Amino acid sequence: MFAVENGLQGDPRLQAISDAIRVIPHFPKTGIMFQDITTLLLDPVAFKHVVDIFVDRYKHMNISLVAGVEARGFIFGPPIALAIGAKFIPLRKPGKLPGRVISEEYELEYGNDRLEMSVEAVKSHERALVIDDLVATGGTLSASINLLERAGAEVVECACVVGLPKFKGHCKLKGKPLYVLVEPSQLDEVTF
Amino acid sequence: MQSIVSSHHLCLAPPSPVLRQRLLCHRIPSIRLPSHRSTTSLGLFTCAAVSRESEMAAAAKEDGQDLRIPKIASSIRVIPDFPKPGIMFQDITTLLLDTEAFKDTIDIFVERYKGKGISVVAGVEARGFIFGPPIALAIGAKFVPMRKPKKLPGKVISEEYSLEYGTDKIEMHVGAVEPGERAIIIDDLIATGGTLAAAIRLLERVGVKIVECACVIELPELKGREKLGEAPLFILVTSDAA
């Protein structure tokens, strides 16, 4: 579900967020129009809009855990977690987290990858939010949901700044709702 | 220890009898803030305490006892022999699970850097991405991620640095920062200082002034501070490397 479908139709913050995202064609390979959120982070006003919109949505949902996917989920997750009084849990590439971890494999276009989570970070029945910058196939988010559920948490929603248009409506990932701020930006002549 | 504090001072505590510290005070000329803000003229004093032999994080005790610091320190978990035997890994993920400790950590940095004309918070991948953005948002600065090679999609500049065996590189987007901007660099921990030194060089190459490097944890035995040149270092907690 996109923000515009859920009460934020016409909200100028969404346009500001969209405008602040830069498109890099053919990265990491030919045909991909990469949504570069680093330009959003250079615009303190637009970056704050992103955090404010998510915080407004989640602050009364009794969420005690925000899980962010390495690495860009680490940028958006903590400000939200801090504002709503939740814990932040990094979901990481293999071998990075110390202590006892559980891991979940997921598919890439070619081959597989793995995501890990610290098993002691989660208490049973905690209500969790998963954050990443962008959702395309949903593979990473699905792996994240699996990790949290295996540890006994209840995933309330997955949230992303950018999402492909196919996630409109009441699209779910592994039965969990998805909340997205904007569709992918288009290439224009403004670059730096 | 008394501290000299006003809203425009970054002065740290005067030297204690035990620690040898050199206090450098220099006046920063008035600057023009980046174009999307109103033009304001700021005359700032910045004092940097450079501790050559620190037993304790003197920087963190600048206001007498900051009671938040022991709580932050105790929320950090030490994992022995990770990622390899002999290393005592400083695990900040437990700090992130302690909502009060995490908030206090950010608050201490924000209190230090707010209103100082800092327009850039640079965070080193990946744990610098956790601490940098909340600080940037609170002080109204840009967040600039400094990344491992080939992660940033646009045109980049890169800086090489030494590892125990071999070298690595960090990268930053061209155009992310402008000459004359004032920056702080954030990471969770400083060990040998190689990564931070590379980050400093990268920013200075494009004309940015490093106001300070800020880390949650320092491993002073590894003498990372010595690699930072003129850039001061502010830390909350010190720990043994092994």
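All figures in this text were calculated on a predicted structure; none of them were measured in a lab. (Residues numbered from 1 in each chain as written. Chains lettered and ligands numbered in written order. Predicted model: local features only at pLDDT ≥ 70, side-chain atom pairs only at ≥ 80, totals over all residues. Heavy atoms only, no water.)

Residues and elements named next belong to chain B. According to the stated counting rule, one finds 30 salt bridges over all chains in the structure shown. Lys103 is paired through a salt bridge with Asp107; the nearest N and O atoms lie 2.8 Å apart. With Lys103 and Asp107 both in helix 3 (residues 99-113), this residue pair falls four residues apart, about one helical turn. In this structure, Arg127 engages Asp188 in a salt bridge whose closest nitrogen and oxygen atoms are separated by 2.7 Å. A residue pair is termed long-range when its members are at least 10 positions apart, and Arg127 in the loop between strand 5 (120-124) and helix 4 (128-139) and Asp188 in strand 9 (residues 182-190) qualify at 61 residues. Judged by relative accessible area, Asp188 falls into the buried class, the value being 4%. (Salt bridge = Lys/Arg side-chain N within 4 Å of Asp/Glu carboxyl O. Helix = DSSP H or I, 4+ residues; strand = E, 2+ residues; numbered from the N terminus. Buried < 20%, exposed > 50% of the residue type's maximum accessible area, 1.4 Å probe, protein only.)

Residue and element names in this part refer to chain A. Here helix 5 (residues 139-150) contains twelve residues, and its C-alpha end-to-end distance of 17 Å stays within 8% of the 16 Å for a straight helix at 1.5 Å per residue. In terms of burial, helix 5 is a largely internal element, nine of the twelve residues being buried. Among all positions of helix 5, only Gly139, Leu141, Ser142, Ala143, Ser144, Ile145, Asn146, Leu147 and Leu148 are buried. Phi for Gly152, located one or two positions after helix 5, is positive at around 95°. (Expected span 1.5 Å × (residues − 1).)

The interface is formed by 36 residues belonging to chain A together with 37 residues belonging to chain B. Three residues stand out in chain A for area buried against chain B, namely Leu42, Leu82 and Pro98 of chain A, and they jointly supply 21% of the buried area on that side. Here chain A is connected to chain B by one salt bridge. Between Glu120 of chain A and Arg77 of chain B there is a salt bridge, with its nearest N and O atoms 3.4 Å apart. (Contact = heavy atoms within 4.5 Å. Buried area = accessible area lost by both parts, 1.4 Å probe.)

Moving on: the packing of aromatic side chains. Going through the model one piece at a time under the given rule, you end up with ten aromatic pairs over all chains. On the basis of an interplanar angle of 20° and a centroid distance of 6.4 Å, the ring pair of Phe54 of chain A and Tyr58 of chain A is categorised as stacked. Of this pair, Phe54 of chain A and Tyr58 of chain A both sit in helix 3 (residues 44-58), four residues apart, roughly one helical turn. An angle of 85° between the planes, with centres 5.0 Å apart, marks the rings of Phe82 of chain B and Phe89 of chain B as edge-to-face. Of the two residues examined, Phe82 of chain B and Phe89 of chain B, each falls in the buried class. Here the aromatic cluster, defined as three or more aromatic residues joined through ring pairs, consists of Phe54, Tyr58 and Tyr179 of chain A. Here the basic side chain of Arg57 of chain A rests over the ring of Tyr179 of chain A, its NZ or CZ set 4.1 Å away from the ring centre. Sitting over the face of the ring of Phe234 of chain B, Arg112 of chain B holds its NZ or CZ atom 3.9 Å from the ring centroid. (Phe/Tyr/Trp six-rings, centres within 6.5 Å; stacked < 30°, edge-to-face > 60°. Lys NZ or Arg CZ within 6 Å of the ring centre and 35° of its normal.)

What follows deals with the environment of Arg72 of chain A. The topology assignment puts Arg72 of chain A in the loop between strand 3 (65-69) and helix 4 (73-84). On the accessibility criterion, Arg72 of chain A (23% relative accessible area) is partly exposed. Between the C-alpha atom of Arg72 of chain A and that of Lys174 of chain A, which follows or precedes it by 102 residues, the distance is 22 Å. Apart from residues no more than four positions distant in its own chain, Arg72 of chain A is found in contact with Phe34, Ile37, Asp132 and Asp133 of chain A together with Arg147 of chain B. There is a polar contact of 2.7 Å between the side chain of Arg72 of chain A and the side chain of Asp133 of chain A. (Polar contact = N/O pair within 3.5 Å; in protein donor to acceptor, adjacent residues only side chain to side chain.)

Residue and element names in this part refer to chain B. Most of strand 9 is tucked away: nine of the nine residues are buried. Where strand 5 lies against strand 9, four bridges are found, and the strand directions are parallel. Looking at the pairing, Ala122 lines up with Ile185 of strand 9. Each parallel crossover has a hand, and the one from strand 9 via helix 5 (residues 194-205) to strand 10 (residues 209-218) is right-handed. (Pairing = 2+ DSSP bridges. Right-handed = clockwise from strand over helix to strand, strands pointing away.)

Residues and elements named next belong to chain B. When pLDDT is averaged across chain B, the result is 79; 73% of the residues are at 70 or more. Ignoring residues within four places in sequence, the model shows residues 1-59, a span with pLDDT below 50, making 106 contacts including any to other chains. The complex model carries a pTM of 0.85, and its ipTM stands at 0.95. (pLDDT = per-residue confidence, 0-100.)

Before going further, it helps to examine the sheet that holds strand 6 (residues 142-146) of chain B. Residue and element names in this part refer to chain B. One open sheet holds the five strands; their spatial order is 6-5-9-10-11, and the pairing between them is parallel. Only two strands of the sheet have a single neighbouring strand rather than two, namely strand 6 and strand 11 (233-238). Averaged over all adjacent pairs, the angle separating strand axes in this sheet is 20°, with direction ignored. (Axes fitted to C-alpha atoms, helices over the stretch in contact; angles between N-to-C directions.)

Take the sheet that holds strand 8 (residues 154-163) of chain A next. All names here are of chain A. Taken in spatial order, the six strands of this open sheet run 4-3-7-8-10-9, and their pairing is mixed. Where the open sheet ends on each side, the last strands, each with one partner, are strand 4 (87-91) and strand 9 (172-173). Note that strand 3 and strand 4 share five bridges and pair parallel. Residue pairing in the sheet places Ala67 in a bridge with Ile89 of strand 4. The strands that helix 3 touches are strand 7 (127-135), strand 8 and strand 10 (176-182); relative to strand 8, the one it contacts most, it runs at about 155°.

Moving on, we come to helix 3 of chain A. Residue and element names in this part refer to chain A. With 15 residues, helix 3 should cover 21 Å at 1.5 Å per step; its first-to-last C-alpha distance of 21 Å lies within 8% of that length. For helix 3, a buried count of eleven out of 15 residues is recorded, marking the element as mostly surrounded by other parts of the structure. Every buried residue belonging to helix 3 is among Pro44, Ala46, Phe47, His49, Val50, Val51, Ile53, Phe54, Val55, Arg57 and Tyr58, and all of these are buried.

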